[in-house]
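# Fold and geometry: a report
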Amino acid sequence: MTHLSALTGRAGRKALVAALAATTALFALPFAVPAGAADAPLIIARNMDLDSLDPHRGFCDTCQIYFSSVYETLVSLGKDNKTIGPNIAESFEVNGDQTAFTFKINPAAKFSDGSPVEAKDVKWSLERLKGIKGNPAYFVDAVTAIETPDDKTVVITLSASSSEFLGMLTAPYTGVVNSDVAAAAGAIAAENDPAEGWFREHSAGSGPYVNGGWKPDEELRFTANENYWRAKPGIAEVVIRQTKDAVAQAQALESGAADIAMQIDPDTAKTVNSPDVTITLAPSPNFLYLAFSPGAKGLPAPMTAQVRAALAQAIDYDGMIEFTLGGAGKKQAAPVPNGFPGTAGLPMPTSDPAKAKEVLAANGYADVTLEAPFPAMNVYGVDLSILMQKAQQDLAAVGVKLELMPMTFAVWRERLLGDGIPVTTAFFAPDYYGTAQYAQFFGIYEGTPWSKRSHIADREPAMLNKEEPVLLAKALAAPAAEQEAAYQAVAEQMIKDRVIVPVVSPDLVLAHRKNISGVRYSVCCNLPLAEITRN
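One structure accompanies this document, and this report is about it.

As a further point, take the sheet that holds strand β21 (residues 508-513). With mixed pairing, seven strands are arranged side by side in an open sheet as β8-β9-β10-β1-β11-β21-β12. Strand pairing shows two members of the sheet lacking a second neighbour, β8 (209-215) and β12 (277-282), which therefore form its edges. Note that strand β9 (residues 219-224) and strand β10 (residues 237-242) share five bridges and pair antiparallel. Paired with threonine 223 across the two strands is glutamate 237, which belongs to β10. The sheet contacts of helix α2 (residues 61-70) involve β1 (42-46), β8, β9 and β10, and relative to β9 the element is tilted by about 15°. Together, β1, β11 (260-261), β12 and β21 form the strand contacts of helix α7 (residues 246-255), whose direction differs from that of β21 by roughly 30°.

Note on terminology: disulfide describes a covalent bond linking the sulfur atoms of two cysteines. Applying the stated criterion across every chain, the model contains two disulfides. Here cysteine 60 connects covalently by a disulfide to cysteine 63, the sulfurs 2.0 Å from one another. The sign of the S-S torsion, about 95°, decides the handedness of the disulfide formed by cysteine 60 and cysteine 63: right-handed. Among the residues examined, cysteine 63 registers a relative accessible area of 0% and is labelled buried. A disulfide bridge connects cysteine 524 with cysteine 525, and the sulfur atoms are separated by 2.4 Å. Judged by the sign of its S-S torsion, about -80°, the cystine formed by cysteine 524 and cysteine 525 is left-handed. The connectivity of the disulfides in the chain is 1-2, 3-4, where the numbers refer to bonded cysteines in sequence order.

Spatially, four strands are ordered β4-β5-β7-β6 in an open sheet, and the strand pairing comes out antiparallel. The open sheet is flanked by β4 (89-94) and β6 (143-150), the only strands paired with a single partner. Neighbour-to-neighbour, the strand axes of the sheet open up by a mean angle of 20°, direction not taken into account. Where β6 lies against strand β7 (residues 153-158), five bridges are found, and the strand directions are antiparallel. If you follow glutamate 147 over to β7, its bridge partner there is valine 155. In this fold helix α3 (residues 119-132) packs onto β5 (100-105), β6 and β7, with an angle of close to 165° to the strand it touches most, β6.

Attention now goes to unusual backbone geometry. Residues other than glycine predominantly adopt negative phi, and peptide bonds predominantly adopt the trans conformation. Within the chain, lysine 133 stands out as a residue other than glycine whose phi angle is a positive 65°. Along the chain, lysine 133 falls in the loop between α3 and β6. Although it is not a glycine, histidine 455 adopts a positive phi angle of roughly 60°. Note that histidine 455 resides in the loop between α15 (449-453) and α16 (456-459). Overall, the relative accessible area of 3% leaves histidine 455 in the buried class.

Rules behind the numbers
Residues numbered from 1 in each chain as written. Predicted model: local features only at pLDDT ≥ 70, side-chain atom pairs only at ≥ 80, totals over all residues. Heavy atoms only, no water. Pairing = 2+ DSSP bridges. Helix = DSSP H or I, 4+ residues; strand = E, 2+ residues; numbered from the N terminus. Contact = heavy atoms within 4.5 Å. Axes fitted to C-alpha atoms, helices over the stretch in contact; angles between N-to-C directions. Disulfide = S-S within 2.5 Å. Buried < 20%, exposed > 50% of the residue type's maximum accessible area, 1.4 Å probe, protein only.

Quick look at the structure:
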């Protein structure tokens, strides 16, 4: 691969795309199942970040696609990505202070084995989500009681007001599982639950598809649910095929080996010339970020808030967008997507390498080397290797050398949760339309995933942000007219943390064969498979 120092701006980006194309042509594997025929499986080319098929453990972008297709939720998000409506629940009510939510289950709803969806299944599923204490458990952190007055009624009580709880219930991680089937397989609501292996090979939901088989680093299959209680999906079988980079995905799409390509970047999209392919671009709420971890082992000096701010100030944000996406992306002020509550008017990040170098040198970060393991993936059309090479170049200019260490997602995650990683990159797609999820995931206060991943919680507790949970509680309890200002206060604290530093929000590239309809992006569910048809 051509080294970054020889490639700058749009010309450099195009040269690197050409180099990747040549490399991919040499090493690409043939697609075993042809796409395109009327009765053929729908083939989706995607670099999968799948970490589990257990709906209460998995937490990833590919997980959103799988869980939302297999396990239905009480309520759903409309095509406008903001409106909440019925799903398994045919109706719902919320009390005045937004602490009690009552749902009436649709009597027609049934699981893939034909048994009815009942209140006990909702209760069991949400209690297991909370009991396992995995990454998605934060959706039900505030739940204090789940009552089932009858087989079709569920009443959920929260410890505090939450204007976003209905939105949170659109997230596929809150999907309802057939409790009788899962419990018989050993599933329980505890951290020592032994059923993850069972969920890898089976499913027990009420969604339009069932588990069709998962071969890690190869493919994930979906089979239409024969007992689906609504209109059957338009395509009987779907295959997400592991396809690592944008160039390989584009080639598969052009040749007809894939029907949909999910991670083509804008520059690669310009190389697609087939009249049988449709490509559209649109702003998206997805973003990629750098993460600076004060609790990682092996730091040359304390990674204080001042140091983290200087590291962030060293990044050339405009150059990052140009190099990774040829300019087809947006800057983002906070670890909250542009356009979400609380983001209006936030200051966009700026670069000042001279000041950054001075601050870093004064705090023990002059001419230092930091390890930078990262997942070797293409996400939202961005090759993370390219992103990290650009970060490496920017930080080298201020006296910080990054030792880049590309690795598989699974190995990276293990390293992140173990010794920690001084500097890395990752990505996030929203689970619903709402800002609280970002504070609950990226906030640096007790119990959040990134307070643990950055090892601040266990190794540098003095660095925890005590204001964030207080401000978040106020935002969740605020009346509609006050929510924008309340969430802005939360976002400002997250900017101040400088543990999570957004570097690019890529424009969304929707790429598919022209005979495919219904392809859209969903904030909660990524790609709603049941809406897709072949003409």
